[in-house]
Amino acid sequence: MEEQSKKKSRKPWSKKKKIIVTVIGILFLVLCIGIGSCVASVVKLSKEMMATMGDYGTAEIGDIEVVTEGFGIAEPVDTQNLVIDYACDLAVLYKQNGEAVHAGDVIASFTPVVTDTNIGNLEQSLETVDMQLAVTDKKGSSSITAPANGRVKAIYGEAGQEVAQVMQTHGALLLLSGDERLQVSVEMEEQAAAGNIAIGDTASIRFHETVVEGKVDSIQGRTVTVTFADGADYEIDIQAEVSVKDTVIGIGTVACHLPVTVVGTAGTIHSVSTEKGKKVSSGNTLFKLENVDYSDDYMALVNQREELVAQITEAKQYMSGYTLLAARDGIISEMTASEGDTIPAGTRFCSILGNDQYQVRVEIDELDIRGIQVGQEAIVTFDAIEDEEYSGQVSGVSLVGNNQGGVATYTITILLNRTEGILPGLSGGARITTGLQENVMLVPVECIQTIDGEKCVIRINEDGSLETIAVTLGLVNNADAEVTGNIKEGDHLQKVVTMEDIYSQMGFTITDPSLEE
């Protein structure tokens, strides 16, 4: 009985166990089905990722072009300001801002404000000059002296020559090197320009059989000026080859670094009292003269008198009525006066924007500015002029950057070859080809990888094996890269797979948290 009682007491627990086991079984079955579904999804995703990772590019022979772009505003190359010389009232305006004018067109007419005082002051100055002329010795000095210390580098005048004739031919009688230094300016060749030449670098200057050492004194665009110590037998106006960092950067003409010209006005050269290469001091006699008609002081007064007479004549003409004429073809700009206004003397009345030549100033990113050089061809298009391209050349490159928000830009100037349809202020975009190579080996940029600090590509061989090949990059643009190395046309190259590619295949989007603020 006791045993039967125990068996009866166990039956309820057996039912519970069965229920628990059944539930666990069901849960296990559901879990297995879920895991199977996840595994299938993972397998499918893996296949898709493998397909992406297996994407390849093809090496091919072709042409590559690197283009730098920027935006700017059209502006005239030449602007002329028209200034009112005498105080007056604006009577009539014939032209307004924005109107086109031709040279000689009347822009405005004026009623003169009383200028008797101005004319009187000019006439009084004229009387003073006439009195000075009456007491000034007309006879010129019988010698010409050195105006400063220096070394004689060129003598243009010879005994028996007329001073005026020598001045007309050469612009001077003699040339001194004021600081005893010479210079050579050269236009760097493109290869040399990429050599990171800096002011202060040591330079080697070769002329004839002489080689001297100097230094880089200034750099303006691709123009480099080097200076070196003068020597008694060093000549000017000769060709010299300039080298920096063991590289020839160009050939230029030897000239004085600080030229001092010696001039004269009248007389005949009797004798030359110095010789080329000799050092002279300020006040030393350089030329002895004869037949000197007028002194320098006398001629200065004569020139001053002529200028005063011209001013008096102009002022008297102004008193009888004054009109402002356009001095050139162009467009009226910056006119602010209205009819009836009084215009003070010396006021800029308006500007004339020349319309015969335009330029565009373009901002270029700091990463691209090193590829821009004076003389490069450019293509400019304007938003307001459809289906028109304007060719031009880079005429200037600013060496000073404009830093905004931690990013520097540099201004370049493009001189346009034609002006049809262009107006001041038009906005446009510029394209400048900074590199072009033809018939070279090209690979997609997505295939360029960096392994252990070296550029390389991964070739997919016919048997499916992968081979890493080191390459040297040439020109690179957004699509292709020029390479040299053990690459053949038609090679299949593995593309770089980024984390963004993997997340994209998984259905995720990478966002920048900073952009969500």
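Everything below is about the structure printed above this text.
Report follows, based on the coordinates. (Residues numbered from 1 in each chain as written. Predicted model: local features only at pLDDT ≥ 70, side-chain atom pairs only at ≥ 80, totals over all residues. Heavy atoms only, no water.)

**Details of the overall build of the protein**
Then comes step 1: Scanning the protein from terminus to terminus reveals six helices and 34 strands.
Then comes step 2: Buried residues in the protein amount to 32% of all 517 residues.
Then comes step 3: Taking the contacts inside the protein whose residues are at least 6 apart along the sequence as the reference set, 73% of them involve residues at least 24 apart. (Helix = DSSP H or I, 4+ residues; strand = E, 2+ residues; numbered from the N terminus. Buried < 20%, exposed > 50% of the residue type's maximum accessible area, 1.4 Å probe, protein only. Contact = heavy atoms within 4.5 Å.)

**What about the environment of K488?**
Then comes step 1: Position of K488 among the secondary structure elements: in the loop between β33 (480-485) and β34 (492-494).
Then comes step 2: With relative accessibility at 47%, the residue K488 sits in the partly exposed group.
Then comes step 3: Between the C-alpha atoms of K488 and I61, which are 427 residues apart in sequence, the distance is 9.0 Å.

**Thoughts on the packing of aromatic side chains**
Then comes step 1: Within this structure, the stated rule accounts for five aromatic pairs.
Then comes step 2: Both rings, one in F110 and one in F349, keep their centres 5.5 Å apart while their planes meet at 80 degrees; by these two values the pair is edge-to-face. Of this pair, F110 sits in strand β6 (residues 106-112) while F349 sits in strand β23 (residues 347-353), and the two are 239 residues apart along the sequence. Like F110, the residue F349 is buried in the burial classification.
Then comes step 3: Ring geometry for F207 and Y234: centres 5.4 Å apart, planes at 80 degrees, overall edge-to-face. One end of the pair, F207, is in strand β11 (residues 202-207); the other, Y234, is in the loop between β13 (223-229) and β14 (239-244), and 27 residues separate them in sequence. (Phe/Tyr/Trp six-rings, centres within 6.5 Å; stacked < 30°, edge-to-face > 60°.)

**What about the pattern of salt bridges?**
Then comes step 1: Within this structure, the stated rule accounts for 15 salt bridges.
Then comes step 2: The salt bridge involving D230 is made with R151; its shortest N-O contact spans 3.6 Å. Taken together, the residues span a long stretch of sequence, with D230 in the loop between β13 and β14 and R151 in strand β8 (residues 150-155) at a distance of 79 residues. An identical accessibility class is assigned to D230 and R151; each is buried.
Then comes step 3: Taken together, the shared-partner salt bridges connect R151, K153, E180, D230 and K279 into one network. (Salt bridge = Lys/Arg side-chain N within 4 Å of Asp/Glu carboxyl O.)

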